Amino acid sequence: GCALLLACAVGMLLFLRASQCLTVCTINGHPVTQAELHYYYIEQIASYKDKTRRFGGDGAAGPDLSRPLSKQRRPLTSGISWQDYFMNAALRQLRIQIASADQAESEGFIGGGMVEEALKLRLEAIKAAAEEAGLSTQQYLQERYGSHVTMELIREIELRSILSARYLAAAAWDQPLNEDALEARFSENRRWNMTASYLIV
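Anyway, here's the lowdown on the structure attached to this text. It should be emphasised that the depicted structure is a prediction, and the values quoted were computed from it without experimental measurement. (Residues numbered from 1 in each chain as written. Predicted model: local features only at pLDDT ≥ 70, side-chain atom pairs only at ≥ 80, totals over all residues. Heavy atoms only, no water.)

### Quick look at the environment of cysteine 21
What counts, and what does not: A run of DSSP states H or I qualifies as a helix once it reaches four residues; a run of E qualifies as a strand once it reaches two. Both are numbered from the N-terminal end. Three exposure classes are used, based on accessible area relative to the maximum for each residue type with a 1.4 Å probe and protein chains only: buried under 20%, partly exposed in between, and exposed over 50%.
Looking at the element boundaries, cysteine 21 is found in the loop between helix H1 (2-19) and strand E1 (23-27). With relative accessibility at 52%, the residue cysteine 21 sits in the exposed group. Between the C-alpha atom of cysteine 21 and that of histidine 148, which follows or precedes it by 127 residues, the distance is 8.1 Å.

### Section: the packing of helix H4 (residues 113-132) against helix H5 (residues 137-145)
Defined as follows: In this analysis an axis means a line fitted to C-alpha atoms, helices contributing only their contacting stretch, and an angle means the value between N-to-C directions, from 0 to 180 degrees. Throughout, the term roughly parallel applies to angles under 35 degrees, roughly antiparallel to angles over 145, roughly perpendicular to angles from 65 to 115, and oblique to all others. Whether two residues are in contact is decided by their heavy atoms: any pair within 4.5 Å suffices. Each residue gets one label: Ala, Val, Leu, Ile, Met, Phe, Trp, Tyr, Cys and Pro are nonpolar, Asp, Glu, Lys and Arg are charged, and the others, such as Gly, are polar.
It is the contact of H4 with H5, at a shortest axis distance of 9 Å, that shows an interaxial angle of 90°. Accordingly, the angle class assigned to the pair H4 and H5 is roughly perpendicular. Residue-level contacts link Ile126, Lys127, Ala129 and Ala130 of H4 to Thr137, Tyr140 and Leu141 of H5. Counted by class, the contact of H4 with H5 contains five nonpolar, one polar and one charged residues.

### Considering the pattern of salt bridges
Definition in use: Salt bridges are defined as contacts in which a side-chain nitrogen from Lys or Arg sits within 4 Å of a carboxyl oxygen from Asp or Glu.
All told, the structure shown has four salt bridges when counted by the stated rule. Where arginine 160 meets glutamate 36, a salt bridge forms, and the shortest distance between an N and an O atom there is 2.7 Å. Taken as a pair, arginine 160 in helix H6 (residues 151-174) and glutamate 36 in helix H2 (residues 34-55) lie far apart in primary sequence, 124 residues in all. According to the relative accessible area criterion, arginine 160 is buried, its value standing at 10%. You can call glutamate 36 buried: its relative accessible area is 2%. Between arginine 122 and glutamate 158 there is a salt bridge; the shortest N-O distance is 2.5 Å. One end of the pair, arginine 122, is in helix H4; the other, glutamate 158, is in helix H6, with 36 residues separating them in the sequence.

### A word on the pairing of E1
Selection criterion: Two strands form a pair only when DSSP identifies at least two bridges running between them.
The pairing of E1 with strand E2 (residues 30-33) spans four bridges and is antiparallel. When the bridges of E2 are listed, isoleucine 27 appears paired with histidine 30. Counting the residues that bridge the hairpin from E1 to E2 gives two residues, and of these asparagine 28 lies at a positive phi of roughly 55°.

### Description of H4
Short version of the rule: Between the first and last residue of a helix there are one fewer steps than residues, each counted as 1.5 Å, and that sum is the expected span. Directions drawn from the helix axis to the C-beta atoms are what define this arc.
Taking 1.5 Å of rise per residue, the 20 residues of H4 would be expected to cover 28 Å, and the 29 Å separating its terminal C-alpha atoms lies within 8% of that figure. For H4, the full list of buried residues reads Val115, Ala118, Leu119, Leu123, Ile126 and Ala130. Projected down its long axis, H4 shows its buried positions confined to an angular sector of 130°, all on one face. Looking at H4, the residues exposed on the side facing more than 90 degrees away from the buried face are Gly113, Met114, Glu131 and Glu132. Packing partners of the buried residues in H4 comprise H5 and H6. Phi for glycine 134, located one or two positions after H4, is positive at around 75°.

Geometry only, nothing functional implied.
Here you go:
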């Protein structure tokens, strides 16, 4: 009986661990795991909190992070929940980064040694945050993202993120928009521009 109970417990643990590695969607042929999507989701919340702290006063219109985000509606977004808002933002970020990193690789764009240097700084920042919190790096990752986000996964994500940002910046530099093109873009997105808050901008 004890052996059966132990086997069931081990089986459940393996299932829960494997579920974090399940593919939840595919973007440009890239299988996105639950852990990867969760990382982007948590980072979207952190980014929103940081912007609110810096630009949005007391953030009264923001979500109450002590309550489930799925139960709170976000203003000015047709009543979607904050959970859906952050999940949509995470998926949008994933699509942009995967597509642009794939394009960069297909064009042979590597971004130079600055990519590796930027990656090193980001990984060091995580280790420094863990040290400041009095935790090991793995404990810090578990507290922030859950038990299945590892430094190896973060390295892969951050490398893609940096390559994507450098490629898009280089592409924008090569194709500057003139005044007419800027006006056309504003007109095409007039509804968004008229309703955007300072925080969103």
